[in-house]
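# Analysis of the macromolecular model
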Amino acid sequence: MTEENVQQRLQNLPTAILNAIHSDFVFLVWPKKVQHFPARNWRQAQFKKTISDYFTTPIYTTFQNYLVVFEKNSDLILILPGMEQ
């Protein structure tokens, strides 16, 4: 996946999901579904562990000032609004 693909997929998310993005959650964006789980009061190490759980060679970017992580050979996109950039 390229950064252009990532940005396009994120821009096409429903408004309700875009409005729900909050630092207390991590969002997993799959091609056909979006999931989220709590990340309230997480330390940076916890975010890094989550990234390493899903990706071996993560690529970092941003979307609407939120940190976004993806990988070249994966359809998953992580939105990490609570992680420092």
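This write-up is about the structure you can find in this document. Here the structure is a predicted model, which means the values were calculated and not measured.

### Details of the packing of aromatic side chains
Tallied over the full model, the rule gives three aromatic pairs. Centre to centre, the rings of Phe25 and Phe27 are 6.3 Å apart; their planes meet at 65°, and the pair counts as edge-to-face. You can call Phe27 buried: its relative accessible area is 5%. An aromatic cluster of three or more residues is present, and its members are Phe37, Trp42 and Phe47.

### Notes on the nonpolar core
Grouped together as the largest cluster of nonpolar side chains are 13 residues, with contacts concentrated most on Val6, Leu10, Leu13, Val29, Val68, Ile77 and Ile79. Counting residues per element, the ones that place at least two in this core are α1 (3-11), β1 (25-29), β4 (66-70) and β5 (77-80). With residues near it in sequence (within four places) discarded, Ile79 still touches Leu10, Leu13, Ile21, Phe25, Val26, Phe27, Val29, Tyr66, Leu67 and Val68. Judged by nonpolar contacts, the second largest core, of 12 residues, contains Val26, Ile51, Leu67 and Met83.

### So, the side chain of Gln7
Within the fold, Gln7 resides in helix α1. Residue classification places Gln7 among the buried residues on the basis of a relative accessible area of 17%. Apart from the residues lying within four places of it in its own chain, the contact partners of Gln7 are Thr61, Thr62 and Phe63.

### Details of helix α3 (residues 44-54)
Within the span of α3, buried status applies to Phe47, Thr50 and Ile51. Down the axis of α3, the sector holding all buried residues measures 100°, keeping them to one side. Summarising the geometry of α3, the exposed residues directed more than 90 degrees from the buried face are Ala45 and Lys48. Check the buried side of α3 and you find it contacts β1, β2 (34-38), β3 (59-63), β4 and β5.

Analysis parameters
Residues numbered from 1 in each chain as written. Predicted model: local features only at pLDDT ≥ 70, side-chain atom pairs only at ≥ 80, totals over all residues. Heavy atoms only, no water. Phe/Tyr/Trp six-rings, centres within 6.5 Å; stacked < 30°, edge-to-face > 60°. Buried < 20%, exposed > 50% of the residue type's maximum accessible area, 1.4 Å probe, protein only. Core = buried A, V, L, I, M, F, W, Y, C linked by side-chain atoms within 4.5 Å. Helix = DSSP H or I, 4+ residues; strand = E, 2+ residues; numbered from the N terminus. Contact = heavy atoms within 4.5 Å. Arc of directions from axis to C-beta.

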